[in-house]
Amino acid sequence: MTADDALGRLDDDDYPAYTMGRAAEMIGTTPGFLRALGEARLITPLRSDGGHRRYSRYQLRIAARARELVDQGTPIEAACRIIILEDQLEEAQRINAEYRRAAAEGEPPAES
C-alpha cells in the first residue's frame, strides 16, 4: 500500500486507523472499557499484524454512545443491548421506508 492509498483510507469510516490507547483517549474512556465492549460483542476491533487492537471511526461512534449510556448509569451489558436494538430498529425502518416508496411508485421492492 502506498502512502497515498493509506491517506485515502483515512476518510473511510470502517478503516481501523486508531490504536486502543488513542481510541480510548478520543472518546474519554479507558482501554478496559473498549475491551469490555469487545467482550460484550458490541464492537470487534481488527488486529494489526502485531496483534494489537485497531478501531475505526464507526466503532468509535458506537463506543462513544455506549459510554454515554454507561455514564447515565446503565450497566454496560444493557447499554450494549440498547445500542444493538437501536441499530436493528434503524435498519428495519430503512427497509420499511423502501417498501413504502416502492409501493407508492408501483414498483417491486428492492431486495435487501
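Shown above is the structure to which this text applies.
The residue count restarts for each chain, going from 1 along the sequence in the order it is written. Local features are withheld for residues below a pLDDT of 70 in this predicted model, meaning they are given only at 70 or higher, and side-chain atom pairs are given and counted only at 80 or more; totals for whole chains, interfaces and linings count all residues. Side-chain figures throughout are based on the complete set of non-hydrogen atoms in the structure, without hydrogens or water.

Here we take up helix α2 (residues 20-27). Because an α-helix completes one turn every 3.6 residues, residues spaced three or four positions apart along the sequence face the same direction. Residues of α2 that are buried include every one of Met 20, Ala 23, Ala 24 and Ile 27, and no others. Mapping the buried residues of α2 onto a view down its axis gives an arc of 100°, with all of them on the same face. Check the buried side of α2 and you find it contacts β1 (18-19), α3 (31-39), β3 (53-55) and α4 (57-71). After α2 finishes, the residue Gly 28 shows a positive phi value of roughly 70°. Accessibility here uses a 1.4 Å probe with only protein chains present; expressed as a share of the type maximum, an area under 20% marks a residue as buried, one over 50% as exposed, and anything in between as partly exposed. In this text, helices come from DSSP runs of H or I with a minimum length of four residues, and strands from runs of E with a minimum of two, each type numbered from the N-terminal end. This arc corresponds to the set of directions leading from the helix axis out to the C-beta atoms. Should any heavy atoms of two residues lie within 4.5 Å, those residues are counted as being in contact.

Let's shift gears to the packing of α2 against α4. A fitted line through C-alpha atoms serves as each axis, taken over the contacting stretch for helices, and the angle formed by two N-to-C directions is quoted from 0 to 180°. Direction vectors running N to C along α2 and α4 enclose 50°, while the axes themselves pass 10 Å from each other. Classified by the interaxial angle, the pair formed by α2 and α4 is oblique. Two packed elements cross with a definite hand, and for α2 against α4 that hand is right-handed. Contact residues: α2 offers Ala 23, Met 26 and Ile 27, while α4 offers Leu 60, Ala 63, Ala 64 and Arg 67. Here the word oblique covers every angle except those under 35 degrees (roughly parallel), over 145 (roughly antiparallel) and from 65 to 115 (roughly perpendicular). By the definition used in this description, the sense in which the near helix is turned from the far one sets the handedness, with an anticlockwise turn below a right angle giving left-handed and a clockwise turn giving right-handed.

Before going further, it helps to examine the layout of surface pockets. The space that makes up the largest pocket amounts to roughly 250 Å³. Cavity and pocket criteria rest on a 1 Å grid covering protein atoms alone: a 1.4 Å probe that fits but cannot get out defines a cavity, protein on both sides within 12 Å along at least 5 of 7 lines defines an open pocket, and an atom within 4 Å of a point defines a lining residue. Along the walls of the largest pocket sit Leu 42, Tyr 58, Arg 61, Ile 62, Arg 65, Ile 83, Ile 84, Glu 86, Asp 87 and Glu 90, which together make up its complete lining. Element by element, the count of residues in the lining of the largest pocket is highest for helix α5 (residues 76-105), at five residues. Per-class residue counts for the lining of the largest pocket are five nonpolar, no polar and five charged. Grid points are joined across faces, edges and corners, and a volume is the space filled by probe spheres set on the points. Ten residue types, Ala, Val, Leu, Ile, Met, Phe, Trp, Tyr, Cys and Pro, are classed as nonpolar, four, Asp, Glu, Lys and Arg, as charged, and the remainder, Gly among them, as polar.

Attention shifts here to the packing of α2 against α3. Taken N-terminus to C-terminus, the directions of α2 and α3 make an angle of 100°; their axes are 8 Å apart at the nearest point. As judged from the angle between their axes, α2 and α3 are roughly perpendicular. Where α2 approaches α3, its residues Met 20, Ala 23, Ala 24 and Ile 27 are matched on the opposing element by Pro 31, Leu 34 and Arg 35. The residue inventory of the contact of α2 with α3, partitioned by class, reads six nonpolar, no polar and one charged.

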